[in-house]
Amino acid sequence: VVRELVELRRHGFRFVVLADDNFYPVTLADLAAADRPADKTQFAALTALRRERFELMAQLEKLPSDMVFYTQITMEAAEDPEFLKAMRRAHIYGALVGVESVTPEGLKAVFKNFNEAGEDLVTRLRAFRDADVHVLGSFIFGLSSDTPDTFAATADLAQRAGISFAQFVMLQPLPGTIDFAKWERDATDVPAIDGVPLTRYWLIPPEHRPRVYSPHPRMTAEELRSRTQDVWDRFYSLNLVWQRSGFLKS
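Residues numbered from 1 in each chain as written. Predicted model: local features only at pLDDT ≥ 70, side-chain atom pairs only at ≥ 80, totals over all residues. Heavy atoms only, no water.

**Things to note about the overall build of the protein chain**
Piece 1. Across its full length, the protein chain carries 10 helices and seven strands.
Piece 2. Overall, the C-alpha framework of the protein chain stretches about 60 × 55 × 40 Å when taken along its three principal axes.
Piece 3. Taking all 250 residues of the protein chain together, 39% fall into the buried category.
Piece 4. Accessible surface, the protein chain as shown: approximately 14,100 Å² in total, 55% of it carbon and sulfur.
Piece 5. Charged side chains in the protein chain number 30 positive and 35 negative. The centres of these two groups are separated by 5 Å. (Helix = DSSP H or I, 4+ residues; strand = E, 2+ residues; numbered from the N terminus. Buried < 20%, exposed > 50% of the residue type's maximum accessible area, 1.4 Å probe, protein only. Areas by Shrake-Rupley, 256 points an atom, 1.4 Å probe, with all protein chains shown as cover. Lys, Arg positive; Asp, Glu negative; His and termini not counted. Charge placed at Lys NZ, Arg CZ, Asp CG, Glu CD.)

**Some points on the sheet that holds strand S4 (residues 134–141)**
Piece 1. Within the open sheet, the five strands sit side by side as S1-S2-S3-S4-S5. Their pairing is parallel. Pairing within the sheet leaves two strands with one partner each, and these edge strands are strand S1 (15–17) and strand S5 (165–170). Adjacent strand axes in the sheet meet at a mean angle of 20°, parallel and antiparallel pairs treated alike. (Pairing = 2+ DSSP bridges. Axes fitted to C-alpha atoms, helices over the stretch in contact; angles between N-to-C directions.)

**Considerations on the pairing of S5**
Piece 1. Here S4 runs beside S5; their pairing, made up of six bridges, is parallel. Bridge pairing in S5 links Ser 138 to Gln 167.
Piece 2. Note that the unit made of S4, helix H7 (residues 148–160) and S5 has a crossover that is right-handed. (Right-handed = clockwise from strand over helix to strand, strands pointing away.)

**What about the environment of Ile 73?**
Piece 1. Within the secondary structure layout, Ile 73 lies in strand S2 (residues 68–73).
Piece 2. Residue classification places Ile 73 among the buried positions, given a relative accessible area of 3%.
Piece 3. C-alpha of Ile 73 to C-alpha of Val 97: the two residues are 24 residues apart in sequence and 5.6 Å apart in space.
Piece 4. When sequence neighbours within four positions are dropped, the list of residues in contact with Ile 73 reads Asp 21, Phe 23, Tyr 24, Met 87, Ala 95, Leu 96, Val 97, Gly 98 and Phe 128. (Contact = heavy atoms within 4.5 Å.)

**Some remarks on unusual backbone geometry**
Piece 1. Here the phi dihedral of His 91 falls at roughly 65°; this positive angle occurs in a residue that is not glycine.
Piece 2. Mapping His 91 onto the fold places it in the loop between helix H4 (81–89) and strand S3 (92–100).
Piece 3. By relative accessible area, His 91 is classed as buried at 9%.
Piece 4. One non-glycine residue, Asp 132, lies in positive phi territory at about 65°.

**A word on the side chain of His 216**
Piece 1. Note that His 216 resides in the loop between strand S7 (196–197) and helix H9 (221–235).
Piece 2. Overall, the relative accessible area of 12% leaves His 216 in the buried class.
Piece 3. Within the structure, the side chain of His 216 is placed 2.7 Å from the backbone oxygen of Leu 143, a separation counted as a polar contact.
Piece 4. There is a polar contact of 3.3 Å between the side chain of His 216 and the backbone nitrogen of Met 219.
Piece 5. Discounting residues that sit within four places of it in the chain, His 216 has contacts with Gly 142, Leu 143, Ser 144, Asp 146 and Leu 224. (Polar contact = N/O pair within 3.5 Å; in protein donor to acceptor, adjacent residues only side chain to side chain.)

**Things to note about empty space enclosed by the protein**
Piece 1. In total, this model carries three cavities of 30 Å³ or more according to the counting rule given.
Piece 2. Approximately 50 Å³ is the volume attributed to the largest cavity.
Piece 3. If you trace the largest cavity, you find it lined by Phe 141, Gly 142, Met 170, Leu 171, Val 212, Ser 214, Pro 215, His 216 and Leu 224. (1 Å grid on protein atoms, 1.4 Å probe; cavity = no way out; pocket = protein on both sides within 12 Å on 5 of 7 lines; lining within 4 Å. Points joined across faces, edges and corners; volume = space filled by probe spheres on them.)

Keep in mind that these numbers describe shape and distance, not what the molecule does.
Put into structure tokens, the structure is as follows:
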């Protein structure tokens, strides 16, 4: 990895994404659980994996300071100050964090029960900012547990949590996933566009393809789309962008 980064810099690259969905590979909770049994095999394996990541960051730290890195991590990293400090020393200034939902029901729907919700979520996300690691928070709208109130709550929490960037995406069932299989199995009266059923939306010509695919129990497709757009507009309003840029020195 380091050899490749050196070569990239020779070619003039200064911003590099470390494309690893689990850059934070071992949580402190996992380590504690593995340390409880008498057999320490799993604990030794996890400890080695964690040590390897620290070794990589130590090598990144030696690279010229004009190189900036970005990666993807799970939210448990917020509970590991040592890891966050190592990230910052290694010039990893930002990370995508899949927040997904701000409600316990939404997190359960996307199998992310380990994420926090509500004020606990604000505290966790602020830990990244306190460590000077800037978060791109990713949120999903269109979950069956979402209500019209979910959108305003999400916009408010994203701002209060101090995340630097956010993306608000609408739920899209992708072929091969559990959500897609359930949609395809349970869908009734599936509309067709240009002769193509909506459950094969990728075959619909782009100019005719709808923005929202799967039905929602409480909101129409247009309501989902317009409310999602409103959250984008609120989070990226000029005055809030100006506030979030306050950490810059110039």
